[in-house]
Amino acid sequence: MPPGSDRVLVVAGRCGLPATARALALNVTVVAGAAPGHLQLFPGDGTPPGTSALNFAARQTRANNAVLKTASSGSGSIAIRNGAAASVELAGVMRMV
């Protein structure tokens, strides 16, 4: 994921999640980012919150879990913001709650 970027992912109705999913339990992992930073998680049609869901140092693999609402528009999307000065690789596991 490029530095300072947002990525919107349509998750409801994919990867075994029902199209009716309104919230997800997530496990998000950053793998060996080139610079320190943070990730923010928020509904796909929302704005980034004032807090981070995951903070990490350079070349560190870190994970955290969260419960996140999907977009209020019904699109079933979530968004991730990379608050690092370098690209990061992400891995995640989701399930409906």
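Because the structure is predicted, anything quoted here is derived from the model rather than measured. (Residues numbered from 1 in each chain as written. Predicted model: local features only at pLDDT ≥ 70, side-chain atom pairs only at ≥ 80, totals over all residues. Heavy atoms only, no water.)

Participant: How would you explain the environment of glutamine 40 if you had to name every residue and give the values?
Facilitator: Mapped onto the fold, glutamine 40 is located in strand β3 (residues 37-43). What makes glutamine 40 buried here is its relative accessible area of 10%. Taking the C-alpha atoms as reference, glutamine 40 lies 8.1 Å from alanine 79; in sequence the two are 39 residues apart. Setting aside residues up to four positions removed in sequence, glutamine 40 forms contacts with Pro48, Pro49, Thr51, Ser52, Ala53, Ala79, Ile80 and Arg81. Within the structure, glutamine 40 has its side chain in polar contact with the backbone oxygen of proline 49 (distance 2.5 Å). (Helix = DSSP H or I, 4+ residues; strand = E, 2+ residues; numbered from the N terminus. Buried < 20%, exposed > 50% of the residue type's maximum accessible area, 1.4 Å probe, protein only. Contact = heavy atoms within 4.5 Å. Polar contact = N/O pair within 3.5 Å; in protein donor to acceptor, adjacent residues only side chain to side chain.)

Participant: Provide a residue-level description of the sheet that holds strand β1 (residues 6-10), including the pertinent values.
Facilitator: Reading across from one edge, β1-β6-β3-β4 is the order of the four strands in this open sheet, with antiparallel pairing throughout. Taken across any chain shown, the strands that pair with only one partner, and hence form the sheet edges, are β1 and β4 (54-56). On average, each strand axis in the sheet is tilted by 20 degrees relative to the strand beside it, whichever way the strands run. (Pairing = 2+ DSSP bridges. Axes fitted to C-alpha atoms, helices over the stretch in contact; angles between N-to-C directions.)

Participant: Could you give me a rundown of the pattern of salt bridges, with the residues and numbers involved?
Facilitator: Per the counting criterion, the structure on display carries one salt bridge. For the salt bridge of arginine 81 with aspartate 6, the shortest nitrogen-to-oxygen distance reads 2.5 Å. A residue pair is termed long-range when its members are at least 10 positions apart, and arginine 81 in strand β6 (residues 77-82) and aspartate 6 in strand β1 qualify at 75 residues. Using a relative accessible area of 39% as the deciding quantity, one classes aspartate 6 as partly exposed. (Salt bridge = Lys/Arg side-chain N within 4 Å of Asp/Glu carboxyl O.)

Fair warning: the whole summary comes from geometry, so function is off the table for now.
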